[in-house]
Amino acid sequence: MDRKWPLRTDILVCWKTYIFFVLYLLFISINRSFASTTVGWSNGEPRALNSCYIYLQFISCLFIVSITANIFEETFRTESRQYIQTFPLGTLRIIFFRYLRVIFFILLPYIPSVLMMFTHANESIEEYLSLFPNIGHFPLINPLFPLIHCIISVNFYVIATIFLLFVLKRKVIVLILILSYCALEATMLHFMFPKYVVFRGAFNTPDFYHMFPSNIIILFFVSLAMLIYTLSLYSRNIKSGVS
């Protein structure tokens, strides 16, 4: 009979980072200045500019990657994996259900923070329009759209971390690789590929008025591919006894 992976085991390795993450989300949620928004029109389409995705995606990614890496580090290290595979847990319990659990506990405080920030953003838009009435009618941001963007992005951060741990085995290498990418996007990639970068809207113009902009579509399908690859290859390794 399969046994469940103990929740306590995962909590012990990430609880400190998780608490800091929750406190961080609370801080950016209650501070209205972080959602200060200006608006305008570009090619006949509404554009709202703020720093919400820097806080909700770019900085949050660092917490999420750290939490995920701490939880899954031992799962893919050769010595630990050999030991784990002696238990009748199976790939779903070792990886997939734990991945769902990570997503659940991250989104639990994250979703209210996203909704709160974009409530503040819409209030800021209304204030901006009252100061500059010549802009005319301007649509508010539908909070559902950035919420979908953020949920898909969070899912990508988690799966990408699991995938890189599976391939590279060592948490330090994975963290260096992810931090290097973050640095590149913050400095130059958002200029080179403005519509296709992971953190679109953090360092360039966000797209709050479309449910599935191009970068979100890419993140969704890349996440799905990485998850399927990791689960299938890990399962194959268990069956073949490969370490």
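A. Expanded view of a nonpolar patch on the surface. On the surface, L7, I11, W15, I19, F20, L23, L26, I30, F104, F105 and L108 cluster together into a nonpolar patch covering about 1100 Å² of accessible area. Only α1 (7-30) and α4 (90-131) provide two or more residues apiece to the nonpolar patch. Topologically, L7 is positioned in helix α1.

B. Focus on the packing of aromatic side chains. Scanning all chains against the criterion turns up 23 aromatic pairs. Ring centres 5.4 Å apart and planes at 65° place the aromatic pair F27 and F34 in the edge-to-face group. Counting every residue linked through ring pairs, the aromatic cluster contains F72, F76, F163, F166, Y229 and Y234. For the cation-ring pair, R98 lies above F72, with the distance from its terminal atom to the ring centre recorded as 4.6 Å. Over the face of the ring belonging to F166 we find K169, whose NZ or CZ atom lies 5.5 Å from the ring centre.

C. Up close: the pattern of salt bridges. Summed over the entire model, instances satisfying the criterion amount to six salt bridges. Across the pair R32 and E123 runs a salt bridge whose closest N-O atoms are separated by 3.2 Å. Here R32, found in the loop between α1 and β1 (38-42), pairs with E123, found in helix α4; they are 91 residues apart in sequence, far enough to count as distant. What makes R32 partly exposed here is its relative accessible area of 37%. Relative accessible area serves as the criterion here: at 29%, E123 is assigned to the partly exposed category. When the shortest N-O distance is used, the salt bridge between K171 and E73 registers 3.8 Å.

Calculation notes
- Residues numbered from 1 in each chain as written.
- Predicted model: local features only at pLDDT ≥ 70, side-chain atom pairs only at ≥ 80, totals over all residues.
- Heavy atoms only, no water.
- Patch = residues over 30% accessible without salt bridge, like charges linked within 9 Å, V, L, I, M, F, W, Y side chains within 5 Å.
- Areas by Shrake-Rupley, 256 points an atom, 1.4 Å probe, with all protein chains shown as cover.
- Salt bridge = Lys/Arg side-chain N within 4 Å of Asp/Glu carboxyl O.
- Helix = DSSP H or I, 4+ residues; strand = E, 2+ residues; numbered from the N terminus.
- Phe/Tyr/Trp six-rings, centres within 6.5 Å; stacked < 30°, edge-to-face > 60°.
- Lys NZ or Arg CZ within 6 Å of the ring centre and 35° of its normal.
- Buried < 20%, exposed > 50% of the residue type's maximum accessible area, 1.4 Å probe, protein only.

Worth remembering: the numbers are spatial, not functional.
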